[in-house]
Structures are given as C-alpha cells and as structure tokens.
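Working through the structure, step by step
Okay, here's what each chain looks like letter by letter:
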Amino acid sequence: MKPTSLKQTQEGKREDILFCIAAGSQPGQYFFGSSDFGVHQLDISNEMAQPIRFEDGHQSYVTGLAVVGGNLISGSYDRQLIWWDIESRKPARTIPAHNRWIRRVLATPEGSRVVTVADDMLCKVWNVETAEFVAAFTDHRPLTPHDYPSMLYAVAISDDGSLLATGDKVGHVSIWDMESFAKVGELEAPTMYTWDPVQRRHSIGGIRSLAFSPDGEKLAVGGIGAIGNIDHLGGPARLEVFQWRLGKQLFVAEDNDHKGLIEQIAWASDERWIVTAGGDHKGFVTFHDAETGERLHQEGTSSHIHGFVFDRDAGTLAACGHQHWAQWNLQSEAEVG
Amino acid sequence: MKQTHFCGSPDHRISRRGFLGAATGATALAADMTVLDVLSRPALAEDLKRQQKSVILLWLAGGASQFETWDPKPGWPTGGPFAKIPTNVPGTHISELLPEMSRRLHYTAIIRSLNTKIADHGGGYRLMDTGRRDEPGVEFPHLGAIIAQELAQPDSRIPDYVEMYTSTEGRRKGSAGFLSGRFNPMFLTESMIPENIRRLESISQIDHHDRAALRRLLANRFSRDLPSSAVGCHNAAYQRVRGLMASASLFDVEREPAAMRQHYGPTQFGEQCMIARRLVEAGVPFVKVARAWWDSHGQNFETHRELCADLDQVMSALLDDLEQRGMLENTLVISLAEFGRTPKINGSLGRDHFASAWSCTLSGCGIQGGALYGKTDEDGMTVVDGEMGAGDLFATIFTALDIDYEKEYMLGSRPIPIADFGAAPREAILA
C-alpha cells in the first residue's frame, strides 16, 4: 500500500529546538535531544502529561539518541556520550567519545552496539552494555576541497545489522561491513555540497541522511541540491537512491515546492516507498515512490523537522524540530478508499 | 591628546601628525618651512619612516556573529552550541572557534558593546565605514580615505588606500567623499594584483624611460611658463603612476617564504592579509581586506565553523607576523563588520541581522592589549555597559593612531569633524 495522506494526531509547541527523537519501550513514549543541552521525555499517550527534562549532563546541543535494551544513550556537540538511567533520569555513565561534534547516535538492530559519527570524521562503535570502545574507522577527509573543516553528518545501519553507511559534507558515502569494519563500497553525491567560489566564498549543504532499503541492496541519500544563494537553505530537497553494490544511481528526486535539507529517511517494509523529512525555515514530510522517485504525497509543516521515528507496523510517524514536535498516522490507498 | 614623538631627543619633539599636516600644506605652497626642514635631516626622515602608522581592516562582510566569535553566551537559549574557551588574558573568554586568537589576546582589545541600530547591509556598511549616518547632499569620506589623508606621506608614490574585495556579494567600494580624489581606494576585485600597472611588452625599458624623460622635460618647461597647481597635480599623478608600477611586487605573495605562506594558510583571505602586511610594510597607510560572506541566515553554526577557522588562522598569523617584524606597535588591526547577528536562532539554524549589541576588535597600534570593553546582557539582547556607536569607535581608532578625533575638515564653509559630532574615544581601550 502506498500512503496517500498523513493525519496529524498530536503536536506540541516548544521554546527550544529538538534535534533528535527516539521511541521508548512504552507506546507513546518518546525521548528528545534539545538545544537546551538536555534530554527530555514525553508520554503522548497521556494528554495531560508534560515533558520531563532529565538531569543536566551535556554541555551543548543533544543531537543523537538511541534507545537500546533498557538503555538510553545520547550524543552531543559536546563530544560526549551519556548512558542514562531512564528511571532516575540521571547520567549513569559519561564518556568522551569524539574530538568534535557528535552528529548521530544509532543502535544496531540486535541491540549490542551503538554507532556514532562526528566531525572528527570518524565513525565509532561502542559496546552498549559496557560502554567500551569497539572500533573506529573512516574514509572521509577532514578538509573540504577548499581547505575548510569537513563534517560527517550521516550514518545508517541495514535492517539485518550487517552493513553500515556513512555520509559527509562533500557528498562522499562509504559502506562498511559491520563484522570486519572493512569498507565494501562507496558512492558519490557531490551535488549535495555547494561551494560558492565567487559571491560568498564559503560552502553549505552536505549529506544529512542515509537509509538502507530493508533488503540492504539500495541506499537512499538525503540532503540538499545546488543552492544559488547560500545565505539561506534555498536549494531543493534532494533524494538520491543507489543500487550501492553496483554504484548505480537509480533516481534523483528534487523538490522545489518544499526546499531545504532532507534530515531523515525511512523505507517502507515492502520497499515500495520512501518517507523523507526536513526543511528550511519551514518543514516537510514527503513520500516518494521507491522505484521512480515520484512524489506520492507531501505535507508541509510549520517548522523545520530535524528527526523522526517511523513505526512501520503501527504506521505512525513522530517528528521533532524547531520548537515543535508532532505525530501523524499514515493513511494508505485502501484506508482512504 | 597624547603625542607621539619621533624619538626621545628633545630636538625631535614634533608629532608625526603635526608634521604631516604641515607637509600636506606645503604641497599647497603654504608650508611652515621650519617644519619641512626635517626632510633634509636623514636621521629624522628615517625616524619618520619607522614611525609610520598604518591600519589593516579585516572587514567581515555580511556580518559575523558576536556569539560565535568575541561574545559567547554558552548555555543560554540564544547562545548556540559552541563553548567558550579561556584566553591568555585572565577572565576573558571567547568562542571555541577562535583557539589561535585565544592565545594572542594580549594584542587585542575586544569591544562587546556596539549599538549601531542600522541592520541592513547597505546602511550598516556606510555607517561603519564612514562613522556616521548618511546625510543628504554630503558624501562623507570613508575610514580608509580619512586615514590616508591623515597618515599618507605627501610625496608618496605608493597607494595610500587599498581595498581587496574579491567576493562579489556585498561588494561596496570605499570613497574619498569630499576629500581629494587621491584618497579614493585602489579597489582590487578580480585579482589580488592590480591590473594594467605593468609596462607593455611592446615598450622596452629604455623606451619607457626615454618617454618619461621627454614628458618630464616638456612638463617642466610648461610649468615654468605657466605655473599652476593643476599642472603640479598632473605631474604628481605621473609620479604616482610610476610608483604604482614599481610597487607591483608588493602584491605578489610568491615572494613570501613558504613557511610564512603556510602560517597564513592556504585560503584567499590568508593571501590577501599577507599582501596587506607587505603593503603596510612598504608604507601604505590603510589596507582593507574584505572576507565575505558571513550573512548566515541559514546554517549559522556550520558557516561560522568554516569562516571562523579562516579568521582564526589568518588574524593570528597577521598579528604574529606584524609583531615579529616590529610593526604591530605602529599597525592597527581592526576586525569589523556592518553589524552582528541576532540572538534568536531561526528555523534554518541561522541568525539574522542585528545591530543592537555586537562586537568588534582592535589590535596593535595604540591599543591596550587584553582590554575587554563593554558588556551585553546574559542572552546578548542588549548592551548593559559601555555602549558605543560608530562615531565613538571612529574616535577611538583615530586616537589610537594619534589623529585628533576632533579635527575638522572644511566642506565649503561648513566644518565637519572627522569623528561624528558627540563622539568620544574610549580611554579604557587605548594604550
């Protein structure tokens, strides 16, 4: 079934910026990483419930969250990872993880490891139970072709946990074997990086999101297309899908109706469609046909979306962003018909 | 006002500015000859040369964020994600994006209390480059032209005022305004080396000299028969053209050692600042290097990570270079923009234009290194101490250079002070 509409079921306004979201073990339970340097918990199944802020722990924006087993693990621009005690909402363990901003935190499907990417251009793997460092690897250059610091924004793990992909500011993607941590493939999406050599003499863009198809054979890459005026996120939201083992690009979808960055991507379980979200000053949720890239449905949102969690089974999508969170139910052709 | 003397000798008790003012007058045939006599005394002429004061203006075009540079507010909703770091000046912290500058703050005064009110690019640029608001019917001289007027040697054959602005966004050319056209900038936009100043290959060096000699012979005869200031200016212009042709090498960074080029870094901004140092070393009184474009309405933090890396390396290299050459004492390095950026972070993680509470720096000549002037409130919305306008900043700059900020230019019969009416220097910033 292909989605034909989104029905918003809940939303909340905030003073802060919510950069990441993770679903808890209870239905309707979510955790957010915030610009107030905190981790927040919200139970949206209880309409009267108010968000609860965990104790202080980080010293900068919280940009990555993973719930794995009974653990909640957060990563931040402060370069640290924190394992939280969800009951007491206190830090249980804090480790210096990277030398620059941590961009994403992701758990492996079987729950034994957590993966981080950061602007030191390293992907690191950690043991969830012990917080011990397992491995670090990179195939991403620390400087852009114009000699400025690069950034490693995106990471994805395949559904079976065997593959990992990392994507950086200049549009380079590497695919890794999760057993050996050997590189098994690479792709280029250079249009995601805009360098303005004449008017403004700096850059913008980058690969901001990655997602493997459920069978692991395709890789969706999200970011922003070429930007004319790089003072703003004024470029088209750009999605590229590859058959990564062949290095073959299957399609490119650019959206000029809702511009900006694609911050997160998810595939339908039957691989028939892909959902993306992101934005510029405002936001969007867009469904694409996974074969052609054709836009199936789109919802504009009042603010930029930084992250979402998509429950394939329940058909719910919960998103967070600039001073806002919301949850939607997907409706498909059959449901609408 | 503080006086700078050429040396400790009582014989030499004459301010450089006083001398230059008189010497400029001499060109108009109204000189005090007892003052001009210093030119015939080689020791004094050498002192003059050593005492030459210059300005390098690092123009952060588009408006750099004070939060991500000189006035960090970590932990506040407006503060953004970056931490603050301690500096070599106890108690003073700056953004973590400027680690090299944090070790060189003893050269630099930070001003955190600019309230200039104009938050559009064009208006902000004119305000911060002239030190006053626009006024119908008057074209005020820009900072570089005033500095050139006050500090340039009357017989200089090199440019008095050079602007490098190679990015195209926000490019605006400075102006001598109602001052002499001599003080308009040499404006470099396409290339870092001035165009059309090399001798044509079709003209040999001998032929070139012969032509100049013939022109000089005819001009001298003409001016003997018909003495006038216009003829004098014509001849002076030719002299300056020859000076410019001879100064082409000043713009050639390849003449710098590899280690020095590495110190400044591989970017265009680095090369331009190296040229700026070469120019002031040769006696150019004012060089503006525009580093565009800081107008980060979207992705402010990513933009500043990129641009601050450039600013941090280049500005610290420039200060090191000037200091090691013994030039920093006589060279004022200014980092300034048309305005700062909003405390509020917008939906694209950007910051917009903001002129109510922002920062700049002054380093080197006449400046109390390590000074921290002015204060904003905890979330950076307003100035709570030491508010300064553009005129006050100009008065402070002039005073640092031993230029009387109350000096007046005459526009017809109207006196116009070089710093705006009511402006005053901030002594706490001055050495």
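Turning to the overall build of chain A, a few remarks are in order. Helix and strand counts for chain A stand at 1 helix and 28 strands. Computed over the C-alpha atoms, the radius of gyration of chain A is 19 Å, within 12% of the 20 Å expected from 2.2 N^0.38 for a compact globule of 337 residues. Based on the C-alpha atoms only, the size of chain A along its principal axes is roughly 50 × 50 × 40 Å. Residue burial in chain A is summarised as follows: out of 337 residues, 61% are buried.

Residues and elements named next belong to chain A. The pairing of strand S25 (residues 283–289) with strand S26 (residues 295–301) spans 6 bridges and is classified as antiparallel. Bridge pairing in S26 places Gly 283 opposite Thr 301. What sits between the antiparallel neighbours S25 and S26 is a turn of 5 residues, in which Gly 293 has the positive phi angle 85°.

Glancing now at the packing of helix H10 (residues 268–281) of chain B against helix H11 (residues 300–324) of chain B. Residues and elements named next belong to chain B. Interhelical geometry of H10 versus H11 gives an angle of 20° and a closest axis separation of 9 Å. Classified by the interaxial angle, the pair formed by H10 and H11 is roughly parallel. Along this stretch, H10 crosses H11, giving a crossing that reads as right-handed. Contact residues: H10 offers Phe 269, Gly 270, Cys 273, Arg 277 and Val 280, while H11 offers Asp 310, Leu 311, Val 314, Leu 318, Asp 321 and Leu 322. Across the contact of H10 with H11, the residue classes break down as 7 nonpolar, 1 polar and 3 charged.

With that settled, consider the packing of helix H6 (residues 143–151) of chain B against helix H12 (residues 390–400) of chain B. Residues and elements named next belong to chain B. Running from N to C, H6 and H12 point in directions that differ by 25°, and their axes come no closer than 12 Å. Comparing their axes, H12 and H6 come out roughly parallel. H6 and H12 meet at a crossing whose hand is right-handed. Taken together, the residues of H12 that come into contact with H6 (itself represented by Leu 143, Ile 146 and Ile 147) are Phe 394, Ile 397 and Phe 398. Its residues assigned to classes, the contact of H6 with H12 comprises 6 nonpolar, no polar and no charged.

Once that is clear, we can look at the packing of aromatic side chains. Taken as a whole and assessed by the stated rule, the structure comprises 20 aromatic pairs over all chains. Here the aromatic rings of A:Phe137 and A:Phe181 are separated by 5.3 Å at their centres, their planes lie at 20°, and the arrangement is stacked. You can see A:Phe137 sitting in strand S12 (residues 133–137) and its partner A:Phe181 sitting in the loop between strand S15 (172–177) and strand S16 (183–188), a full 44 residues away along the chain. The pair A:Phe137 / A:Phe181 is uniform in exposure class, with both members buried. Note on B:Phe82 and B:Phe301: the rings are 6.2 Å apart at their centroids and 65° apart in plane angle, and the pair reads as edge-to-face. You can see B:Phe82 sitting in the loop between strand S1 (54–59) and strand S2 (84–86) and its partner B:Phe301 sitting in helix H11, a full 219 residues away along the chain.

This next bit is on the pairing of strand S3 (residues 39–43) of chain A. All names here are of chain A. In terms of residue burial, S3 counts as a mostly covered element, since 4 of its 5 residues are buried. Counted between consecutive antiparallel strands, the loop separating strand S2 (residues 29–34) from S3 contains 4 residues, among which Phe 37 sits at a positive phi close to 75°. Bridging between S3 and strand S4 (residues 52–53) involves 2 bridges; their strand directions are antiparallel. Looking across to S4, one finds that Gln 41 is bridged to Ile 52.

Moving on to H10(B). All names here are of chain B. Between its first and last C-alpha, H10 extends 20 Å over 14 residues, near the 20 Å set by a 1.5 Å rise per residue. Every buried residue of H10 is listed here: Gln 268, Phe 269, Gly 270, Gln 272, Cys 273, Met 274, Ile 275, Ala 276, Arg 277, Arg 278, Leu 279 and Val 280. Elements in contact with the buried residues of H10: S1, strand S5 (161–164), helix H9 (258–264), strand S7 (286–290), H11 and strand S8 (331–336). Among the residues trailing H10, Gly 283 stands out with phi positive, at a value near 110°.

Relative to the elements of secondary structure, B:Ser296 occurs in the loop between S7 and H11. Since its relative accessible area comes to 2%, B:Ser296 is described here as buried. Excluding its chain neighbours within four sequence positions, the residues that come into contact with B:Ser296 are A:Asp231, B:Thr303, B:His304, B:Arg341, B:Gly350 and B:Arg351.

This part is about the sheet that holds S15(A). Residues and elements named next belong to chain A. Reading across the sheet, the 4 strands line up as S13-S14-S15-S16 and stay open at both edges, with antiparallel pairing between neighbours. At either end of the open sheet lies a strand with only one pairing partner, and these are strand S13 (152–157) and S16. Across the sheet, the mean angle separating the axes of adjacent strands is 20° when strand polarity is ignored. Relative to S16, S15 is paired through 5 bridges, and the arrangement is antiparallel. Note on S16: the bridge partner recorded for Ile 175 is Gly 185.

All names here are of chain A. The strand order S9-S10-S11-S12 describes an open sheet built from 4 strands, whose pairing is antiparallel. If you trace the sheet from one side to the other, it starts and ends with strand S9 (102–107) and S12, each paired once. When strand polarity is set aside, the average angle formed by the axes of neighbouring strands in this sheet is 20°. As paired strands, strand S11 (residues 123–127) and S12 are joined by 4 bridges and run antiparallel to one another. The partner of Cys 123 across the bridge, within S12, is Phe 137.

Calculation rules
- Residues numbered from 1 in each chain as written.
- Chains lettered and ligands numbered in written order.
- Predicted model: local features only at pLDDT ≥ 70, side-chain atom pairs only at ≥ 80, totals over all residues.
- Heavy atoms only, no water.
- Helix = DSSP H or I, 4+ residues; strand = E, 2+ residues; numbered from the N terminus.
- Rg over C-alpha atoms; globule rule 2.2 N^0.38 Å.
- Buried < 20%, exposed > 50% of the residue type's maximum accessible area, 1.4 Å probe, protein only.
- Pairing = 2+ DSSP bridges.
- Axes fitted to C-alpha atoms, helices over the stretch in contact; angles between N-to-C directions.
- Parallel < 35°, antiparallel > 145°, perpendicular 65-115°, else oblique.
- Left-handed = near helix turned anticlockwise from the far one by under 90°.
- Contact = heavy atoms within 4.5 Å.
- Nonpolar A, V, L, I, M, F, W, Y, C, P; charged D, E, K, R; others polar.
- Phe/Tyr/Trp six-rings, centres within 6.5 Å; stacked < 30°, edge-to-face > 60°.
- Expected span 1.5 Å × (residues − 1).

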